[in-house]
Amino acid sequence: MTQKNYIACGMPMKDIDDFAMGDITKDYCVYCARPDGSMQSFEEKRDSLAEFIVKTQGLDKDVAFKTSENMMKKLPAWAEFFVR
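Residues numbered from 1 in each chain as written. Predicted model: local features only at pLDDT ≥ 70, side-chain atom pairs only at ≥ 80, totals over all residues. Heavy atoms only, no water.

A few points about the packing of aromatic side chains
Given two aromatic rings, their pairing is described by the distance between the two centres and the angle made by the two planes. Using the following cut-off: Pairing of aromatic side chains here covers Phe, Tyr and the six-membered ring of Trp, requires ring centres within 6.5 Å, and sorts the geometry by plane angle: under 30 degrees stacked, over 60 edge-to-face, intermediate tilted. Starting at the N terminus, helices and strands are each numbered in turn, a helix being any DSSP run of H or I of at least four residues and a strand any DSSP run of E of at least two. Note on exposure labels: buried denotes an accessible area under 20% of the residue type's maximum, exposed denotes more than 50%, and partly exposed covers the range between, all computed with a 1.4 Å probe on protein chains only.
Taken as a whole and assessed by the stated rule, the structure comprises 4 aromatic pairs. Between Phe42 and Phe82, the ring centres sit 5.7 Å apart and the planes meet at 70°, which makes this aromatic pair edge-to-face. In this pair, Phe42 sits in helix H1 (residues 42–57) while Phe82 sits in the segment after helix H2 (61–72), placing the two residues 40 residues apart along the sequence. Judged by relative accessible area, which is 7%, Phe42 ranks as buried. Ring centres of Trp78 and Phe81 lie 6.1 Å apart, and the angle between their planes is 50°; on these two criteria the pair is classed as tilted. The exposure class of Phe81 is partly exposed, given its relative accessible area of 39%. One aromatic cluster is present, formed by Phe42, Trp78, Phe81 and Phe82 through successive ring pairs.

Overview of the pattern of salt bridges
Once the charged atoms of two side chains with opposite charge are near each other, the side chains can pair. Spelled out, the test is: The term salt bridge refers to a pairing of a side-chain nitrogen on Lys or Arg with a carboxyl oxygen on Asp or Glu at a separation within 4 Å.
Per the counting criterion, the structure on display carries 4 salt bridges. Two residues, Arg46 and Asp47, come together in a salt bridge whose shortest N-O distance is 3.5 Å. Given a relative accessible area of 14%, Arg46 falls into the buried group. Shared partners join several salt bridges into a network, and the residues in it are Arg46, Asp47, Lys66 and Glu69.

Quick notes on the side chain of Ser68
Threshold: Residue contacts follow a heavy-atom distance rule, with two residues in contact if any of their heavy atoms lie within 4.5 Å.
Inspection of the secondary structure assignment puts Ser68 in helix H2. Taking relative accessible area as the criterion, Ser68 reaches 0% and is therefore assigned buried. Leave out the neighbours within four places in its chain, and Ser68 touches Arg46, Leu49, Ala50 and Ile53.

Dropping the structure here:
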């Protein structure tokens, strides 16, 4: 399998288990998917990413929120949310 990068979080997808629902046609990972396999909304992903940043890096919640948005600005799935 060739490697893809997630469109919603940027992580590399190397194994079938990395893909949402194990479906290699999806461009987003298991961590960016809802339980039904659909991709999380912008708000869901931003909030979960901010929560992950607080937990793993110990940043203040407001800083983590801004950090998550700065990361998401660079990803194709969220480009429309940052158009000025």
